[in-house]
Structures are given as C-alpha cells and as structure tokens.
Amino acid sequence: MTGLKTPSEPSLLAEYAATNDAYMHYDNFSWQVGAVLIAGVFVFWGFLVEGDITPKLLVVSATSVSLLMSTWLLYCDHNRQIYLCKLHRMYEIETLLGMEQHSRWIINFKDGKPIYRVFGINGHKLNELIFLTTSLGTLAIGLFKVGFVIPFALPLVITIIVILWVRRNEKAIKKHLRMILSKK
C-alpha cells in the first residue's frame, strides 16, 4: 500500500464508527433470522408429535429441517467471517489512534493474553449447538414415532457435513486474519 495517503484522525474515527455499526449488524442479524426459524422448528415438532406420521413423511421432515437449519448456520458462519474482518479493521484503527475498546479482547502486549475474557461457550459454538439440536431433534422424534429407517441417515449426513464445513471455514478465516496481522 505504498503511495497511499495516511488517513486523518477524523477519517479514521468515521471509518471506525461505520465499521462498528456494520460489525453489530452482522453479529445481530443472524440471531434475528435464527429466532424465527428456531421457533418455527419447535412449532413444527409439535405437529409431528401430535399427528400420525409415516416414515416417509418423517424423513422428508427431518431432511427439510436439517437443510433449513444448515442454511441458517452457513449464513451465521458467513456473517461471522465478515464481522471478524470488521473487528480486525477496528483493531487496526484503535492501534493507530491509541484506542482500546476492542483490542483488549485480543491481547495484552505485556504477556500475550487478553485483558478482557468471556467464559463458557462462544456464541458461534452456541449457533452450532442450536443447529445440532434443531437438526437432530426431528430425527429423535422420528425414532420415537416410527423407529429407525435407513433414509434417516440423510439428514444426519447433511448435519455432519455442515458442521465440518463451518469448522473448516473457522480455521481458514483465523489463518487469513493471522496472515494479515503478521504482514504488518
């Protein structure tokens, strides 16, 4: 990036505010969408539990729920990659301006550990847990209602592939961000 003019402090502050707004949007929107889908799955389960259902209908239902929630988890993963990049840019601006709002979550330069920490399951891992619960819950209902049928493997395979895909993406985005940081 040689030859580029160094942005002024007001420009950096404006970029910081816009980047923070975008970060909040991408962090929150997945849950706004997810809340509706998750509620819908629970209502759908009520219909499955109460009704007379054929094995074929349960397989179609379990596959449909698995595909729907897979789409949601992949959407969450996509948004997470975007907001991690937004956080990365905010860290850069904080470094330039001597700010610490988000950089305190990353490292304390004295001992290499974060100043601020959270304990327990990370939000993106909770997304995976909800995905697994909703995707496999329909299978569980099917097992209790009609017993095991071979096509029940289809939603299970979809669920496993999506979890592996999201985990691969997580490693890739973290590697990418570390590479960017190491070049500075």
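Relevant structure appears above.
The shown structure was predicted, so the numbers you read here are calculated from the model rather than taken from an experiment. (Residues numbered from 1 in each chain as written. Predicted model: local features only at pLDDT ≥ 70, side-chain atom pairs only at ≥ 80, totals over all residues. Heavy atoms only, no water.)

### A look at the packing of helix 1 (residues 9–50) against helix 3 (residues 123–146)
- Packing of helix 1 against helix 3 leaves a shortest axis separation of 11 Å and a crossing angle of 10 degrees. As far as their axial angle goes, helix 3 and helix 1 are roughly parallel. On helix 3, the residues touching W31, I38, V41, W45, L48 and V49 of helix 1 are N127, I130, T133, T134, G137, T138, I141 and K145.
- Grouping the amino acids of the contact of helix 1 with helix 3 by side-chain chemistry returns eight nonpolar, five polar and one charged. (Axes fitted to C-alpha atoms, helices over the stretch in contact; angles between N-to-C directions. Helix = DSSP H or I, 4+ residues; strand = E, 2+ residues; numbered from the N terminus. Parallel < 35°, antiparallel > 145°, perpendicular 65-115°, else oblique. Contact = heavy atoms within 4.5 Å. Nonpolar A, V, L, I, M, F, W, Y, C, P; charged D, E, K, R; others polar.)

### Digging into the packing of helix 1 against helix 2 (residues 55–97)
- Close contact between helix 1 and helix 2 brings their axes to 9 Å; oriented N to C, the two are set at 165 degrees. By the criterion of interaxial angle, the relationship of helix 1 to helix 2 is roughly antiparallel. Of the two elements, helix 1 crosses helix 2, and the hand of that crossing is left-handed. (Left-handed = near helix turned anticlockwise from the far one by under 90°.)

### Section: the pattern of salt bridges
- Going through the model one piece at a time under the given rule, you end up with six salt bridges.
- Where R80 meets E170, a salt bridge forms, and the shortest distance between an N and an O atom there is 2.8 Å. Of this pair, R80 sits in helix 2 while E170 sits in helix 4 (residues 153–182), and the two are 90 residues apart along the sequence.
- The partner of K174 in a salt bridge is E170, with the nearest N and O atoms 3.2 Å apart. (Salt bridge = Lys/Arg side-chain N within 4 Å of Asp/Glu carboxyl O.)

### What to know about the side chain of S66
- Its location among the elements puts S66 in helix 2.
- At a separation of 3.3 Å, a polar atom in the side chain of S66 contacts the main-chain carbonyl oxygen of P155.
- Not counting the four nearest positions on each side in its chain, S66 is found in contact with F131, S135, P155, I158 and T159. (Polar contact = N/O pair within 3.5 Å; in protein donor to acceptor, adjacent residues only side chain to side chain.)

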